[in-house]
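Each chain, written out:
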Amino acid sequence: MLLFVINLLAVARVIPYGAALGITVLGLLLVDKTILLHVDYSLLLTFAGFFIFIGNMGRFPAFSHLLQKIVSGNEVLVGIAASQVISNVPAALLLSGFTDNFAPLIVGVNLGGLGTLIASMASLISYKLLIGEASQMKGAYFRYFTGVNICFLAVLLAFALFWA
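Since the structure is predicted, the reported quantities are computational estimates derived from the model, not experimental observations.

Draft legend 1. Fine view of the pattern of salt bridges. Here the structure, examined in full by the defined rule, presents 1 salt bridge. One salt bridge connects Lys128 with Asp40, and the closest N-O pair in it is separated by 3.0 Å. One end of the pair, Lys128, is in helix 8 (residues 121–133); the other, Asp40, is in the loop between helix 2 (17–31) and helix 3 (41–57), and 88 residues separate them in sequence. Look at Lys128 and you get partly exposed, because its relative accessible area is 37%. Overall, the relative accessible area of 28% leaves Asp40 in the partly exposed class.

This is the structure we're talking about:
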């Protein structure tokens, strides 16, 4: 709990990120020396890669102009579409720089967490856990997951557009 509070303080910019990272790593090593061996570093690097990608893409003038044109007035649909490719949290960060209309963007990236496996990092984590336990189910799970998520996305999008 103490490490959680320290990290919250870093997010709130009360203490420096580097200090929070150092304290967290040291604390984890004190509690369980092997804990850092069980971290899914490929998933962390994937997520970090999304943030680096969106940070760099937003700096390209041609891409920036394109997003400026596309996002304005289409926040829900663009939020959903971007989430399918780069996950909903990085999509929210990327697109928020191109609109002042945040309510529809929030709806779009929240709905965008449905759909493909990549749309939400939580979905990727659950898929990775499943195939670690029952790899023979990965194809069936992928098809079922995608089908159900697209159905839910369609229904919720219809509600969102109806009440917009």
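Draft legend 2. Up close: the layout of surface pockets. When its volume is computed, the largest pocket comes out at roughly 420 Å³. As for the largest pocket, its lining consists of Leu21, Thr24, Val25, Leu28, Leu36, Val39, Tyr41 and Leu44. When residues of the lining of the largest pocket are traced back to their parent elements, those giving at least two are helix 2 and helix 3. Classifying every residue of the lining of the largest pocket by side-chain character gives 7 nonpolar, 1 polar and no charged.

Reading the values: rules and limits
- Residues numbered from 1 in each chain as written.
- Predicted model: local features only at pLDDT ≥ 70, side-chain atom pairs only at ≥ 80, totals over all residues.
- Heavy atoms only, no water.
- Salt bridge = Lys/Arg side-chain N within 4 Å of Asp/Glu carboxyl O.
- Helix = DSSP H or I, 4+ residues; strand = E, 2+ residues; numbered from the N terminus.
- Buried < 20%, exposed > 50% of the residue type's maximum accessible area, 1.4 Å probe, protein only.
- 1 Å grid on protein atoms, 1.4 Å probe; cavity = no way out; pocket = protein on both sides within 12 Å on 5 of 7 lines; lining within 4 Å.
- Points joined across faces, edges and corners; volume = space filled by probe spheres on them.
- Nonpolar A, V, L, I, M, F, W, Y, C, P; charged D, E, K, R; others polar.

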